[in-house]
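Letter by letter, the chains look like this.
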Amino acid sequence: MNLTLKIWRQKDANDKGKIVDYPVSGISPDMSFLEMLDVLNQELIEKGEEPVAFDHDCREGICGTCSLYINGRAHGPQTKITACQLHMRSFKDGDTIYIEPWRAKAFPVIKDLIVDRSSFDRIQQAGGFISVNTSGNTQDANAIPIEKENADKAFDAATCIGCGACVASCKNSSAMLFVSAKVSQFALLPQGRVEATDRVLNMVKQMDEEGFGNCTNTGACEVECPKGISLENIARMNREYLAASFKG
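As the structure is a prediction and not an experimental result, all values here were calculated from the model. (Residues numbered from 1 in each chain as written. Predicted model: local features only at pLDDT ≥ 70, side-chain atom pairs only at ≥ 80, totals over all residues. Heavy atoms only, no water.)

(A) Here's a closer look at the overall build of the protein chain. The number of helices and strands found in the protein chain is 9 helices and 7 strands. On the principal axes, the C-alpha backbone points of the protein chain span a range of 60 × 35 × 35 Å. With 248 residues in all, the protein chain has 45% of them scored as buried. In the protein chain, of all internal contacts separated by at least 6 residues, the share reaching a separation of at least 24 is 69%. Entry remark: accessible area of the protein chain is about 12600 Å², with carbon and sulfur atoms responsible for 48%. The centroid of the 27 positive side-chain charges in the protein chain is displaced by 5 Å from the centroid of its 33 negative side-chain charges. (Helix = DSSP H or I, 4+ residues; strand = E, 2+ residues; numbered from the N terminus. Buried < 20%, exposed > 50% of the residue type's maximum accessible area, 1.4 Å probe, protein only. Contact = heavy atoms within 4.5 Å. Areas by Shrake-Rupley, 256 points an atom, 1.4 Å probe, with all protein chains shown as cover. Lys, Arg positive; Asp, Glu negative; His and termini not counted. Charge placed at Lys NZ, Arg CZ, Asp CG, Glu CD.)

(B) Representation of the domain arrangement of the protein chain in the model. Segmentation of the protein chain into domains returns domain 1 (3–110) and domain 2 (117–132 + 142–247). The straight-line distance from the C-alpha centre of domain 1 to that of domain 2 is 28 Å. Each partner contributes to the interface: domain 1 provides 21 residues, whereas domain 2 provides 20 residues. Here domain 1 packs against domain 2, burying approximately 1500 Å² in sum over the two surfaces, 56% of which is carbon and sulfur. Contact with domain 2 buries surface across domain 1, with K80, A106 and F107 losing the most and accounting together for 33% of the total. Counting across the domain 1 and domain 2 interface gives 2 salt bridges. Note that R117 is salt-bridged to D55, the shortest N-O span being 3.3 Å. There are 7 residue pairs in polar contact (both at pLDDT 80 or more) connecting domain 1 and domain 2. Here the residues of the side of domain 1 that touches domain 2 sort into 10 nonpolar, 7 polar and 4 charged. (Domains from an automatic or database assignment. Buried area = accessible area lost by both parts, 1.4 Å probe. Salt bridge = Lys/Arg side-chain N within 4 Å of Asp/Glu carboxyl O. Polar contact = N/O pair within 3.5 Å; in protein donor to acceptor, adjacent residues only side chain to side chain. Nonpolar A, V, L, I, M, F, W, Y, C, P; charged D, E, K, R; others polar.)

(C) Molecular detail of the pairing of strand β5 (residues 96–100). Only one face of β5 is buried: it carries I97 and I99, and the other face, with T96, Y98 and E100, is open. The pairing of strand β1 (residues 3–9) with β5 spans 4 bridges and is parallel. The residue bridging K6 from the neighbouring strand is Y98, located in β5. Sheet topology note: the strand β3 (residues 69–70)/β5 ladder contains 2 bridges and is antiparallel. Paired with I70 across the strands is I99, a residue of β5. (Pairing = 2+ DSSP bridges.)

(D) Quick look at the layout of surface pockets. In this structure, the largest pocket occupies an estimated 250 Å³ of space. I130, S131, V132, N133 and Q191 are, among the 12 residues lining the largest pocket, the residues nearest its centre. Tallied by class, the residues present in the lining of the largest pocket amount to 6 nonpolar, 5 polar and 1 charged. Looking at the second largest pocket, its volume works out to about 170 Å³. Lining the second largest pocket, in full, are C63, G64, T65, R117, F120, D121, Q124, I161, G162 and F178. Residue contributions to the lining of the second largest pocket peak at 3 residues, all from helix α2 (residues 118–127). (1 Å grid on protein atoms, 1.4 Å probe; cavity = no way out; pocket = protein on both sides within 12 Å on 5 of 7 lines; lining within 4 Å. Points joined across faces, edges and corners; volume = space filled by probe spheres on them.)

(E) Layout of the side chain of K6. Along the chain, the position of K6 falls in strand β1. For K6, a relative accessible area of 18% translates into the label buried.

Take a look at the structure:
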């Protein structure tokens with residue numbers, strides 16, 4: 001396939017940035033989207049030009065590192081996959097493809113298509129964990145009875161990979177789907193109830209301090225989430241937050 005790529009280029013956070021056109025040819029429909037970018041970068045390097053910087057790691061839809069806004073959609077035209085799982089057969093010969101970074105105040109651009117998502121790390125550090133007694137008297141987790149429905153919902157919430165597609169898709173750049181998934185995966189389990197009050201208060205506070213917007217109830221986050229995290233988690237977090245506020 002022959003394609004025209006319109007890619008956001010930005011030297012650093014202080015640079016204004018702009019869209020630059022790049023024609024590519026001989027692209028196989030069996031290539032992944034990131035492999036196509038690898039081909040482009042190889043051509044740019046051979047010409048002595050600066051390659052396009054983009055995030056990637058596992059390339060298996062697990063790590064959440066890849067973060068591309070492709071033709072106006074987070075991770076591209078397919079649903080419930082990450083950009084690294086997107087293949088070029090989703091496009092046609094002669095297509096023009098726009099490739100941009102996540103757009104959010106809390107995700108400042110580092111270079112080109114790479115953004116700083118350390119705000120997610122700080123939210124996690126604020127409460128996305130459980131404190132476990134490792135003195136030698138630790139109770140085996142499998143010995144604690146848990147209702148099947150709660151276990152399934154906790155597992156579904158825990159599949160969040162923290163890619164940030166929810167933020168990029170939201171007109172308010174809200175991180176509530178991400179935060180609610182991290183709150184829910186513990187709130188639904190007995191191991192997480194011990195610190196439930198502090199967890200939700202601290203994580204929501206950190207989310208607000210990072211500059212993320214509030215939920216719009218539009219639902220774009222769930223649609224674009226590669227793991228299909230449900231909006232039910234936001235409702236659960238709101239209930240947890242309300243209850244914790246009364247306790248506080």
